[in-house]
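Commentary on secondary and tertiary structure
Chain by chain, the residues:
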Amino acid sequence: MDNKSGQGKRTLMMLIIVLFWFSNYVYVPIFSTYCTSVGAPLAMTGIIIGSYGLTQMLLRLPIGIVSDMLRNRRLFLFLGTISSLLSSAGLYFFTSPLLLLLFRAMAGLTASHWAIYITTYSGLGEEEDSGRSLGIVNALMALGQILATFSGGLAAEYIGVKSTFLISAGAALIGLILLLFIPETYEAQDQKVSISDFTSLFRDSKLLFYSFMGLFFQYIHTSSLLGFVPSLLEAIGASDFEKGLGTTLALIPGIIGGPLAMSLLSRRLGIRRMGIIGFLLLSVPMFFFPFIKSIPLMLFAEFITGFGKGTLMPLFMAGATSHLPSDTHSTAFSVYQAVYGIGMWIGPSISGYISNLFSIKAAFICLGFVGAAAIIILFAHKEEKIIVQ
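All of the points below concern the structure found in this document. Everything numeric here is computed off the predicted structure, so don't read it as measured data.

**Observations regarding the overall build of the protein chain**
A tally of helices and strands in the protein chain yields 15 helices and zero strands. A sequence separation of at least 24 residues applies to 87% of the contacts in the protein chain between residues at least 6 apart. For the protein chain, the computed accessible surface area is about 14,700 Å², with 71% contributed by carbon and sulfur atoms.

Written as structure tokens, this is what we have:
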């Protein structure tokens, strides 16, 4: 593939990544309140939200392993986008809480293919640019999510809540068409990955540690910003547009925080100190969210929290995978994402249960303490730095 053609394919892949996350997030700002509006109690709503992480926990690793063993990424690109299309259509046509659980879990199946999208984008460029590619794909992910949550809030407010599911399906369909022009990125000369290569990953201390830290951050992020913060906003009189705006403001810092954490700050401060800063930004607002009665102040708190998420996502991903051979990256990314998928599953489920048993205030205070535990672990961890080429 010549340079001009390669750059064109990479640009097209950037658009596909944006559409991938747009499809998965356009209805997220209103989803928790939509679930309760069709009869799901808070505990069931938490389980529905958490199902998105459950399927990722179960399927991300098998998808990565099979992709690496077959040396085929293109097949899984299509499967990921098709599952997004089916998920959105199911959410539009059915309102039973059990079926909402099924089709939100299917959206988790879509996200389970994310590692394949990352490695495909990296494979369309130069191998020595892999460090920067991580920053770029995380920024593209944030861009897709920002466009989705803002437009989703607008659509829900002025067209109707269920219109967001149709918009999601439309984005998935466009992405599916564009994928026809993306080539397979495994090269014929690539060494075939063996079972021993895979088993060695599970003994890699960096991969395991930073995957574990990703679990903590996703536990907090999915439970709050993608879970029950919209419920808090609704309780103080926020419109669907304001719910979408809040989620958008929480995602905007990902475009800035990700590349900044991966380059300048991680080099000067190191991954441990950057991780502590990220968790402080993410978890301290949890102690205040349930007591805020002003919509503008709530939106500001979401924006600040977003800097924590935007910092931690690429930081831990690079810490877990950047030192590993490129031919195991799909599996390594999948290990990392499968472990943090546990946090995406148990976080909303436990938070929903606590909200039902005690109160939503208690659930948010517990999230703050989860962040405090993560900070203590990072304080005790040996300092390491990320080398971004």
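**Digging into the packing of aromatic side chains**
Scanning the entire structure with this criterion turns up 19 aromatic pairs. On the basis of an interplanar angle of 65° and a centroid distance of 5.9 Å, the ring pair of Trp 21 and Tyr 25 is categorised as edge-to-face. Linking Trp 21 with Tyr 25, this pair stays in helix H1 (residues 3–25), spanning four residues, or about one helical turn. Its relative accessible area of 4% is what places Tyr 25 among the buried residues. For the pair Phe 94 and Phe 103, a centre-to-centre distance of 5.8 Å together with 5° between the ring planes defines the contact as stacked. Overall, the relative accessible area of 38% leaves Phe 94 in the partly exposed class. Taken together, the aromatic side chains of Phe 20, Trp 21, Tyr 25, Trp 114 and Tyr 117 make up a single cluster linked through ring pairs. Between Arg 10 and the ring centre of Tyr 121, over which it is positioned, the NZ or CZ distance is 4.2 Å.

**Notes on the pattern of salt bridges**
What the rule picks out here adds up to two salt bridges. One salt bridge connects Glu 234 with Lys 243, and the closest N-O pair in it is separated by 3.1 Å. Under the relative-accessibility criterion, Glu 234 is labelled partly exposed at 41%. Across the pair Lys 243 and Asp 240 runs a salt bridge, and its minimum N-O distance is 3.1 Å. You can see Lys 243 and its partner Asp 240 sitting in helix H11 (residues 240–251), three residues apart, about one turn around the helix. Judged by its relative accessible area of 16%, Asp 240 falls in the buried class. Several salt bridges converge on common partners, so that one network encompasses Glu 234, Asp 240 and Lys 243.

**What to know about helix H13 (residues 295–321)**
One turn of the α-helix equals 3.6 residues, which is why residues spaced by three or four share an orientation. Given a rise of 1.5 Å per residue, 27 residues ought to cover 39 Å, and the 39 Å separating the end C-alpha atoms of H13 matches this to within 8%. Counting buried positions along H13 gives 21 out of 27 residues, so the element sits mostly inside the fold.

**Digging into the packing of helix H10 (residues 205–235) against helix H15 (residues 360–380)**
Two numbers describe a pair of packed helices, the interaxial angle and the distance between the axes. Put simply, H10 and H15 touch, their axes get as near as 10 Å, and they point 160° apart. Comparing their axes, H15 and H10 come out roughly antiparallel. Both H10 and H15 take part in a crossing whose hand is left-handed. From H10, Phe 209, Phe 212, Met 213, Phe 216, Tyr 219, Ile 220, Ser 223, Ser 224, Phe 228, Val 229, Ser 231 and Leu 232 reach across to H15, where they touch Ile 360, Phe 364, Leu 367, Val 370, Gly 371, Ala 373, Ala 374, Ile 377 and Leu 378. Classifying every residue of the contact of H10 with H15 gives 17 nonpolar, four polar and no charged.

**Structural notes on the nonpolar core**
Core analysis: the largest hydrophobic core is formed by 98 residues, its most contacted members being Trp 114 and Phe 279. Of the residues forming this core, the biggest block, 14 residues, is contributed by H10. Not counting residues within four places of it along the chain, the set of residues in contact with Phe 279 comprises Met 213, Phe 216, Phe 217, Ile 220, Val 284, Leu 312, Phe 316, Gly 371, Ala 374, Ile 375 and Leu 378.

**Examining the side chain of Thr 149**
With respect to the helices and strands, the residue Thr 149 is situated in helix H7 (residues 130–158). Of the residues examined, Thr 149 reaches a relative accessible area of 0% and is grouped as buried. Side-chain polar atoms of Thr 149 contact the backbone oxygen of Ile 146, separated by 3.3 Å. Beyond its immediate stretch of four places on either side in the chain, Thr 149 contacts Tyr 25, Pro 29, Gly 244, Thr 247, Thr 248 and Leu 251.

**What to know about the side chain of Thr 33**
By the element assignment, Thr 33 lies in helix H2 (residues 28–37). In this structure Thr 33 comes out as buried when scored by relative accessible area, which is 6%. Not counting residues within four places of it along the chain, the set of residues in contact with Thr 33 comprises Pro 230, Ser 231, Glu 234 and Lys 243.

**Overview of a nonpolar patch on the surface**
A cluster of nonpolar side chains, Leu 143, Leu 147, Ile 255 and Ile 256, forms an exposed patch at the surface whose accessible area comes to about 310 Å². Put simply, the parts of the chain that give the nonpolar patch at least two residues each are H7 and helix H12 (253–283). Topologically, Ile 255 is positioned in helix H12.

**Remarks on the packing of H10 against H13**
The geometry of H10 relative to H13 is characterised by a closest axis approach of 9 Å and an angle of 160° between their N-to-C directions. In terms of their interaxial angle, H10 and H13 are classed as roughly antiparallel. Seen along the crossing, H10 lies across H13 with a hand that is left-handed. Of the residues that constitute the contact of H10 with H13, the class distribution is 15 nonpolar, seven polar and three charged.

**Quick word on helix H8 (residues 163–178)**
The end-to-end C-alpha separation of H8 is 23 Å, in line with the 22 Å expected for 16 residues at 1.5 Å each. Of all the residues in H8, the buried ones are Ser 163, Thr 164, Phe 165, Ser 168, Ala 169, Ala 171, Ala 172, Gly 175, Leu 176 and Leu 178.

Rules of the game
- Residues numbered from 1 in each chain as written.
- Predicted model: local features only at pLDDT ≥ 70, side-chain atom pairs only at ≥ 80, totals over all residues.
- Heavy atoms only, no water.
- Helix = DSSP H or I, 4+ residues; strand = E, 2+ residues; numbered from the N terminus.
- Contact = heavy atoms within 4.5 Å.
- Areas by Shrake-Rupley, 256 points an atom, 1.4 Å probe, with all protein chains shown as cover.
- Phe/Tyr/Trp six-rings, centres within 6.5 Å; stacked < 30°, edge-to-face > 60°.
- Buried < 20%, exposed > 50% of the residue type's maximum accessible area, 1.4 Å probe, protein only.
- Lys NZ or Arg CZ within 6 Å of the ring centre and 35° of its normal.
- Salt bridge = Lys/Arg side-chain N within 4 Å of Asp/Glu carboxyl O.
- Expected span 1.5 Å × (residues − 1).
- Axes fitted to C-alpha atoms, helices over the stretch in contact; angles between N-to-C directions.
- Parallel < 35°, antiparallel > 145°, perpendicular 65-115°, else oblique.
- Left-handed = near helix turned anticlockwise from the far one by under 90°.
- Nonpolar A, V, L, I, M, F, W, Y, C, P; charged D, E, K, R; others polar.
- Core = buried A, V, L, I, M, F, W, Y, C linked by side-chain atoms within 4.5 Å.
- Polar contact = N/O pair within 3.5 Å; in protein donor to acceptor, adjacent residues only side chain to side chain.
- Patch = residues over 30% accessible without salt bridge, like charges linked within 9 Å, V, L, I, M, F, W, Y side chains within 5 Å.

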